[in-house]
Amino acid sequence: MNAIETTDLTRYYGALCAVDHLTLSVNNEIFALLGPNGSGKTTTVLMLTTLLTPTEGSASVCGHDVMREGELVRKSLSYVPQDMAVDIKLTGRENVRFFADLYGVPHAADRVDEALAVMELTDRADDLIRTYSGGMRRRLELAQALVHEPSVLFLDEPTIGLDVAARKRIWEHIRALRKKGMTVFVTTHYMDEADQFCDRVGIISRGRIAALGTPAELKARLMKDVITVKVEGSFAPLEVDGIAFVGRNGDEVSFTAENGREALPLLADALGKSGCVVRSMSLREPTLDDVFLQAVGQQEEPQGFEYNKFRIMLRRRK
Amino acid sequence: MNGVVSYMKRDFTKWFRGRVAVISALIMPAAWLIFVGLALPVQFTGNYLDFITPGILVMTMLSAGLSGGALLMFDKILGFLNRFLALPTPRSSILVGKILFITGRGLIQTTIILVIALLIGATLLSPVQYGLTYFILFLFGVLISAFATTIALYLEDHDSYAAFNTMISMPLFFTSSALMPYSVMPSWLATIAHLNPLSYAIDAVRDVTAGGFPAGPVLVLLILTGAVLAICMHVFRKVTV
Ligand SMILES: Nc1ncnc2c1ncn2[C@@H]1O[C@H](COP(=O)(O)OP(=O)(O)OP(=O)(O)O)[C@@H](O)[C@H]1O
Ligand SMILES: [Mg+2]
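What counts and what doesn't
Residues numbered from 1 in each chain as written. Chains lettered and ligands numbered in written order. Predicted model: local features only at pLDDT ≥ 70, side-chain atom pairs only at ≥ 80, totals over all residues. Heavy atoms only, no water. Pairing = 2+ DSSP bridges. Helix = DSSP H or I, 4+ residues; strand = E, 2+ residues; numbered from the N terminus. Contact = heavy atoms within 4.5 Å. Axes fitted to C-alpha atoms, helices over the stretch in contact; angles between N-to-C directions. Salt bridge = Lys/Arg side-chain N within 4 Å of Asp/Glu carboxyl O. Phe/Tyr/Trp six-rings, centres within 6.5 Å; stacked < 30°, edge-to-face > 60°. Buried < 20%, exposed > 50% of the residue type's maximum accessible area, 1.4 Å probe, protein only. Lys NZ or Arg CZ within 6 Å of the ring centre and 35° of its normal. Polar contact = N/O pair within 3.5 Å; in protein donor to acceptor, adjacent residues only side chain to side chain.

Asker: Looking at this structure, how should I read the sheet that holds strand 4 (residues 56-61) of chain A?
Answerer: Strand pairs in the sheet, formed through backbone hydrogen bonds, run parallel or antiparallel to each other. Residue and element names in this part refer to chain A. With antiparallel pairing, the four strands of this open sheet are ordered in space as 2-1-4-5. What marks the edges here is a single partner per strand, and that holds for strand 2 (16-26) and strand 5 (64-65). By the bridge criterion, seven bridges tie strand 1 (residues 4-13) to strand 2 in an arrangement that is antiparallel. Residue pairing in the sheet places Ile 4 in a bridge with Val 26 of strand 2. Packing against the sheet, helix 1 (residues 41-48) makes contact with strand 1, strand 2 and strand 4, and its axis sits at approximately 120° to strand 1.

Asker: Please explain the pattern of salt bridges as it appears in this structure.
Answerer: Note on pairing: side chains with opposite charge can pair once their charged atoms come close. Scanning the entire structure with this criterion turns up 28 salt bridges over all chains. A salt bridge links Arg 93 of chain A to Asp 113 of chain A; the nearest nitrogen and oxygen atoms lie 2.5 Å apart. With Arg 93 of chain A in helix 3 (residues 92-103) and Asp 113 of chain A in helix 4 (residues 108-118), this pair connects stretches of sequence that are 20 residues apart. Among the charged side chains, a salt-bridge network with shared partners connects Asp 87 of chain A together with Arg 10, Asp 11, Lys 14, Asp 75 and Lys 98 of chain B.

Asker: Hey, could you run me through the packing of aromatic side chains in this one?
Answerer: Note on aromatic pairs: each is described by the distance of the centres and the angle between the planes. Under the counting rule described, the total for this entry stands at 22 aromatic pairs over all chains. Between Phe 99 of chain A and Tyr 103 of chain A the ring centres are 6.4 Å apart and the planes differ by 55°, which places this aromatic pair in the tilted class. In this pair, Phe 99 of chain A and Tyr 103 of chain A both sit in helix 3, four residues apart, roughly one turn of the helix. Take Phe 99 of chain A: its relative accessible area is 3%, and that puts it in the buried class. When the centroid spacing of 6.2 Å and the interplanar angle of 75° are considered together, the rings of Trp 15 of chain B and Phe 101 of chain B count as edge-to-face. Here Phe 101 of chain B lies in helix 5 (residues 92-119) and Trp 15 of chain B lies in helix 1 (residues 2-17), a separation of 86 residues in the sequence. Phe 101 of chain B sits in the buried class, given a relative accessible area of 1%. By the ring-pair criterion, three or more aromatic residues cluster together here, those being Phe 98, Phe 99 and Tyr 103 of chain A together with Tyr 7, Phe 80 and Phe 84 of chain B. For Arg 167 of chain A, the ring lying beneath its charged end belongs to Tyr 190 of chain A, and the centroid distance is 4.0 Å.

Asker: I would appreciate a short explanation of the side chain of Thr 6 of chain A in the present structure.
Answerer: Residue and element names in this part refer to chain A. Tracing the chain through its elements places Thr 6 in strand 1. Of the residues examined, Thr 6 reaches a relative accessible area of 1% and is grouped as buried. Within polar-contact distance, the side chain of Thr 6 engages the backbone oxygen of Leu 22 at 2.9 Å. With sequence-adjacent residues up to four places away left out, Thr 6 is seen in contact with Leu 22, Thr 23, Leu 24, Leu 48, Ser 58 and Ala 59.

Here you go:
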């Protein structure tokens, strides 16, 4: 029995298909659902945690059907939503104790101390949350989720808005939980985090799984080297032997090749002939970003949120 | 049961830590008592303060109950509700916890109003009469808070909840028997007042203060509260976001 199993899980909001026939199985691992804003990550988590009824398909958590056996499903999971929700008028200890009581854990006081200690909050445990930083609040939410030792932990963007050090700590905690045998289902749109810390990754785009596998497998689907070219003017996809087009992101076009050094001049030539101006070229190893770009296909512009425009806007502000 | 106590404890702790809110909810009913109860020249009774006190007590409970619905609204907006709904704790205990907190808070507030009324000259009653009064107020509090909390579950945001609150609280109060007996009301108002659930609570408390036992109004209140509670519990068990 897998910890999480979904079959053709689908959810419509009106006419909008937020999650489109998702079929997944996750067991004893850190699984990351990776995708851009609005790709359906939160919607998936809401259905798996019984907060939202699927339009179609089915899902189970620890063998219990999310629609028919809601209470059993909720007994086996903990869920930390995307938006932080901790009571700022209560202390850290009170917040965790509150959840311990709701879960009805035995020896609550000891479990609370333990959970606070794991999240390194012991010395601030009796301060009001009002005085906590964002990273501390996130760790507190994790402590709340962990008081009852769930078999499956759902974390919706656990590291959003945190600095690099705090993100790393959260991930170390998540890894430690995984070692204890917990199944962790996280969503994120940070490719590097998924790459570094997760056992398996599902890339989701517009509600569909576009690629699924371990980060290493996914990267191995590309050839050994990735060449990124900054171009100006029009770019038409072109065919060069031994070089494969990956995708385009703004003015950056990516290719992969088995031997990048040899491919560089060939590519420069071909691009020049096709009439576009090459500003710079760089050679590196594939990352999940490239996998993403290839899987999701030629996204003309990152949907909804245009980073380049945003950057220009920021520059104008200064 | 565990869940109910935990949810209620959380709300009480938060309430006691926000000192301003503890006082501010009392300003309105206290003002009514003092400025209307003491100052209004009326002919139909010699002691208007004694007449209006039951109305003000119920009004205090009404506004405590209606403003209590905002608690669930905030839990929803701030994302707490999502976390609670994902817990194995029965979902109906969210509702029951809210009802007990809101009603408990209302009873504390009505006690303060009662003390103020006594201080400015209302007649002291017997312990049994106070016991009955509290029972009626509790029943009414459960009715209003269950209703308000369930409405909040369905409204979009806090603004629409605030609009709902103002839209129903004033009309309910003015079309009840709070301010005058049915005998001096114009007949159209008397008809509405007889249908208003607020009137049943007020009439019941008034009967108690006059030394009687209000079997009729209490029965109506019991049935109404039971029915509303059953519906609201059902709604909460089924809720999804
Ligand atoms: N309550 C809702 N009503 C209507 N549409 C919704 C609702 N919630 C989400 N959507 C839509 O469903 C799609 C998927 O949303 P979802 O919140 O699952 O995305 P996400 O992957 O979690 O994005 P993000 O990274 O921004 O959190 C989006 O297009 C969104 O606009
Ligand atoms: Mg999301």
